[in-house]
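What follows is each chain in one-letter form.
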Amino acid sequence: MRPRTAAAVTAVVLGSAGLAVPLLVRAGTTAPRKPAAAEVAGPIDGDVHTISLRTTGTKAIAPAQSTSSFSLLGVVWDRPGTRLKGTVKVRTRSATTGTWSAWRPVTVADDDVPDGAGRERSRQGTTAPLWVGPSNGVDVRVTGHRRLPAGLRAVLIDPGTRRRRPARTGGRHPAHAAGHQGVRVALAADSGSPDPSAPPADSPSAAPTASTSVSPPQSPAPTTGPSDSPLPSASASPTPRAGTAPRPTIVSRAQWGADESLVAAPNAYADKVKAVFVHHTDTGNDYSCADSAAVVRSIFLYHVKTNGWNDVGYNFLVDKCGTLFEGRSGGVDRPVIGAHAYGFNTDSAGVAVLGTFTNVAPPQAALDTVAKVAAWKLGLDGGDPTGSTTLTEGVKDGNFTYGSQVPFKTISGHRDANSTACPGLLYDKLSAIRTAAEQWTTPADLTAVSLTGATKVNTTYYTKGAVTLGWHPAAVTGYQLLDNGTAIARPAPSATSVTATLRPGTHQLQVIADNIDGTTAKSSAFSVVADATKPVFNNSAALSLRTGTVSSTKIPVSLKWKATDDRLPRSVKATAPSAVTFAPTTTAWSAYAKPATSTAWSLTATDAAGNTATSSVTRTASLRSDSSSSRTGTWKTTTNSHYLGGTGIYSSAKGATASWTVTARSVALIDKRATSSGKYYVYVDGTYAATVDTRASSSLYRQIQWTRTWSSSSRHTIKIKVAGTSGRPTIALDGLAYIG
């Protein structure tokens, strides 16, 4: 068994982006991003440069120096299969800022390798590659635990930025070049490579697509395994098969700019894909998702030009935003033999997440995509994402006995096959990935479709216009959203939701799924009222004085209004000076105002759809003392802490008067009530207004019994006259309250 050191591995995740739907509807899943569309005219030219390291005993260096442009690097040595026992660290100079980075480690072991079949053998020993971003300077330090291998070199990969028109018969294998030449593809994250077996675009079960990709050659010459291999020879390209899970969105090789002229021969095929191995690329996490295609190209160049492989080793690659990229050529829906799990590349597919997850948790978007592509890939051959399978050990220096049947979970980590730490912390997520993948192989169950963006009242939903219907992942060929029986959206098979913006009116919404097994699932119909009309305050907020007890810190007031809605009023809420929620039919709020303080009183009316209207008023409530009144007849003063200010006035003289003149829109008289108290008459601007009886079963101070309110503020005189009630002639006053 050849020696192996542990290497961290990252899982690849595929995220389906939202499906663009014309006019008022869009549908999709949780898509992390949508890069702008770009025309694809041909492969993107990249370049590879090599710098020799100066070795002295157990140390080797390439001192800080300027270089041509590069974005990914690795360290290689002469003898493939020989391990570099030590550490590698690098620092690089940014081509943008000109500053040097901190020292970064490079993973020494690279366990993603072919099985050594035929021509595809590693030409040299290599570390894992490290993405450093656009750079033009490098400094390399290698420290060995023992003597270092000969021929240490730093390899600098420039992924390129410019596309070129592919030659009519590009490269050493014309069939590959012919399969991709002259392609013009709109690159968008929400557009997948079309399935050759998928229905036409105008079919009810076909999801709209904004891009086109090219199918690989249909019948490349087969590549056979080594003569001493216990495995059967790889077969010619199998015919695409219908699967048990929907095909995820995939960025094709043409879209990410693969130079097909570098692929020397058609890749080999196995009989089927029985297992999916999850990896991380160990290339670091310092990349943006806009750089993902460049990272994929760099890995492709490293595997082909540096390692000497026929093609990129992984069958699929996933970035941290969940975008899925086609890896090794030969057809994403075919059992292409990759170079990712030494000894077990036959009958398996490798899915690698871009990044290093040794000590960093993988993002959920990547996990979601890994589940989707694993479910689809296994489903093409009837595999169960939560099941087990056996693979044959195909090399003599692997982890298991050559030719033995080794059990694996159908979704396994790289470390299950080889002596490696790959896929790092992603390994702990494999159980959740298997469970999620299983959902993608299960026919749709639309009995629990959810509707959000609306308020449910009894059995009807009310919305301002946009609603989202969501469901669990399922094995379908497509969905439809019906509005009053007419299809208004056709979400992609990988969608788990659809958002519709509804025109005003009443709608019956229903989701229909066409299962892969030929059956149809339907949700219940949702009754939805789309209402964009705001409630109306027929009577705006108005503040007036009310009956009650006055104190030096609060005056009883009433805020009144009237709000209506053309559909269904939901509530009225006071937002100032305090928060209170009222029933939609409520038209008044009994509250208190702080004396001599300007206060805003604000209301918000809301209907069932969530439309709102507001009304507010700012007013000041004040007090005038009893001593400030103008009086006639006999009045006396009493001192008592129960009165405002500690004093009050009283009179038993029939016809005695007290009056106040104020500018106000609401006024109220403040008096004392008691068992022996009598009556008084109220005059407003000289006109009789009311008779007030102050008799009560017990003594009550600072009472408001009489109020008067006008539509606007104006100057008024309020006068009271002692009635001289028989047996209880005395009345007591405590002042006047008013709102200006």
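Sequence order sets the numbering: in each chain, residues are counted from 1 along the sequence as written. In view of the model being predicted, local features appear only for residues whose pLDDT reaches at least 70, and side-chain atom pairs are presented and counted only at 80 or more, with totals across whole chains, interfaces and linings using the full set of residues. Values shown for side chains rest on all heavy atoms present in the structure; no hydrogens or waters enter the calculation.

1. Examining the overall build of the protein chain
Stage number 1. Only DSSP runs of H or I covering at least 4 residues are called helices, and only runs of E covering at least 2 are called strands; the numbering of each starts at the N terminus. What the protein chain contains, in helices and strands, is five helices and 44 strands.
Stage number 2. Any pair of residues with heavy atoms lying within 4.5 Å of one another is described as a contacting pair. Taking the contacts inside the protein chain whose residues are at least 6 apart along the sequence as the reference set, 75% of them involve residues at least 24 apart.

2. Topic: the sheet that holds strand β31 (residues 555-564)
Stage number 1. A pair of strands is considered paired only if DSSP assigns at least 2 bridges between the two. The strand order across the open sheet formed by three strands is β29-β31-β34, and the pairing between neighbours is antiparallel. Edge strands, defined here as strands with exactly one partner in the open sheet, are β29 (536-545) and β34 (588-593). Each adjacent strand pair in this sheet contributes to an overall mean axis angle of 20°, direction not counted.
Stage number 2. Here β31 runs beside β34; their pairing, made up of six bridges, is antiparallel. Residue pairing across strands places P556 opposite Y592, the latter belonging to β34. Every axis in this analysis is a line fitted to C-alpha atoms, fitted for helices over the stretch in contact. Angles between the N-to-C directions lie between 0 and 180 degrees.

3. Quick word on the pairing of strand β39 (residues 647-651)
Stage number 1. Looking at chain direction, strand β38 (residues 636-639) and β39 are connected through four bridges and run antiparallel. When the sheet's bridge partners are listed, K636 is paired in β39 with Y650.
Stage number 2. Bridge count between β39 and strand β44 (residues 731-739): three bridges; the pairing is antiparallel. Bridge pairing in β44 places I649 opposite L733.

4. Topic: helix α3 (residues 292-306)
Stage number 1. Given the number of residues in a helix, its expected span is that number minus one, multiplied by 1.5 Å. The terminal C-alpha atoms of α3 lie 20 Å apart, and with 15 residues this matches the ideal 21 Å at 1.5 Å per residue to within 8%.
Stage number 2. Of all 15 residues making up α3, 14 are buried, and the element is well covered by its neighbours. Only protein chains enter the accessibility calculation, which uses a 1.4 Å probe; a residue whose area is less than 20% of its type maximum is buried, one above 50% is exposed, and one in between is partly exposed.

5. Digging into the packing of helix α4 (residues 364-379) against helix α5 (residues 430-439)
Stage number 1. For the pair α4 and α5, the least separation of the axes is 8 Å and the interaxial angle reads 55°. Taken together, the axes of α4 and α5 lie oblique to each other. The interaxial crossing formed by α4 with α5 has right-handed handedness. Every residue of α5 that contacts α4 at L367, V370, A371 and A375 is listed here: I433, A436 and A437. Each angle gets one of four labels, with under 35 degrees taken as roughly parallel, over 145 as roughly antiparallel, 65 to 115 as roughly perpendicular, and the rest as oblique. With the far helix as reference, a near helix turned anticlockwise by less than a right angle produces a left-handed crossing, and one turned clockwise produces a right-handed crossing.

6. Some words on the state of the cysteines
Stage number 1. The definition used for a disulfide is geometric: two cysteine sulfur atoms within 2.5 Å. A full pass over the atoms with the stated rule returns one disulfide.
Stage number 2. Linked covalently through their sulfurs, C289 and C321 form a disulfide whose S-S length is 2.0 Å. Handedness of the C289-C321 disulfide follows from its S-S torsion of about 95°: it is right-handed. One end of the pair, C289, is in the loop between β12 (275-280) and α3; the other, C321, is in the loop between β13 (316-318) and β14 (324-326), with 32 residues separating them in the sequence. Here the two residues C289 and C321 agree in accessibility, since each one is buried.

7. Examining the confidence of the model for the protein chain
Stage number 1. How sure the predictor is of each residue is captured by pLDDT, a score from 0 to 100. Chain-level pLDDT for the protein chain is 86 on average; 83% of the residues reach the 70-or-more range.
Stage number 2. Note on residues 1-40: pLDDT is under 50 here. Beyond four places in sequence and across chains, it has 194 contacts.
Stage number 3. Below a pLDDT of 50 lies the segment residues 168-235, which in the model reaches 147 contacts outside its immediate sequence neighbourhood of four places, other chains included.

8. Remarks on the pattern of salt bridges
If charged atoms from side chains of opposite charge come close, those side chains can pair.
Stage number 1. Take a side-chain nitrogen of Lys or Arg and a carboxyl oxygen of Asp or Glu: if they are within 4 Å of each other, that pair is a salt bridge. Summed over all chains, the structure comprises eight salt bridges.
Stage number 2. Its salt-bridge partner being D78, residue R153 comes within 2.9 Å of it at the nearest N-O pair. One end of the pair, R153, is in strand β10 (residues 153-158); the other, D78, is in the loop between β5 (59-77) and β6 (86-94), and 75 residues separate them in sequence.
Stage number 3. Overall, the relative accessible area of 17% leaves R153 in the buried class.
Stage number 4. Within the structure, one salt-bridge network assembled from shared partners comprises R91, D139 and R141.

9. As for the sheet that holds β12
Stage number 1. Spatially, five strands are ordered β14-β13-β15-β12-β18 in an open sheet, and the strand pairing comes out mixed. With partners counted over all chains shown, the strands left at the sheet margins are β14 and β18 (411-413), one partner each. Direction aside, neighbouring strands of the sheet carry axes that sit 25° apart on average.

10. Focus on the packing of aromatic side chains
Stage number 1. Only Phe, Tyr and Trp rings take part, Trp by its six-membered ring, and two of them pair if their centres are within 6.5 Å. Stacked means planes under 30 degrees apart, edge-to-face means over 60, and tilted covers everything else. If you walk through the whole model with that rule in mind, you get 13 aromatic pairs.
Stage number 2. Ring geometry for W256 versus F300: centroids 5.7 Å apart, planes at 70°, classification edge-to-face. With a gap of 44 residues between them, W256 in helix α2 (residues 253-256) and F300 in helix α3 connect regions that are remote in the sequence.
Stage number 3. The structure contains a cluster of three or more aromatic residues connected by ring pairs, namely F277, F344, F400 and F408.

11. A look at the nonpolar core
Stage number 1. Definition of nonpolar core: a set of buried residues of the types Ala, Val, Leu, Ile, Met, Phe, Trp, Tyr and Cys, connected through side-chain atoms within 4.5 Å. With 29 residues, the main nonpolar core has F316, V351, I411 and I433 as its most contacted residues.
Stage number 2. Elements supplying a minimum of two residues to this core: β12, β13, β15 (348-353), α4 and α5.
Stage number 3. Sorting elements by how many residues they give to this core places α4 first, with nine residues.
Stage number 4. Each residue touching I433, except ones within four places of it in the same chain, is listed here: L367, V370, A371, I411 and L426.
Stage number 5. Core analysis: the second largest hydrophobic core is formed by 28 residues, V572, A574, F582 and A591 among them.

12. What about unusual backbone geometry?
Stage number 1. Omega for the peptide link from C422 to P423 comes to 10°, which places this bond in the cis form.
Stage number 2. The residue P423 is located in the loop between β18 and α5 in this model.
Stage number 3. Despite not being glycine, N484 has its phi angle at roughly 55°, a positive value.
Stage number 4. By secondary structure assignment, the location of N484 is in the loop between β23 (476-483) and β24 (486-489).
Stage number 5. In this structure, A596 is a non-glycine residue whose phi angle is positive, near 60°.
Stage number 6. As for its placement among the helices and strands, A596 is situated in the loop between β34 and β35 (597-607).

13. Some details on the environment of Y269
Stage number 1. With respect to the element layout, Y269 can be found in the loop between α2 and β12.
Stage number 2. Overall, the relative accessible area of 2% leaves Y269 in the buried class.
Stage number 3. Distance from Y269 to G330, taken between C-alpha atoms, is 8.3 Å for residues 61 residues apart in sequence.
Stage number 4. Within the local environment of Y269, its side chain forms a polar contact with the backbone oxygen of G330, the two atoms lying 2.6 Å apart. Counted as a polar contact is a pair of N or O atoms within 3.5 Å, where, for protein atoms, one must be capable of donating a hydrogen and the other of accepting one, and residues adjacent in sequence contribute only when both atoms are in side chains.

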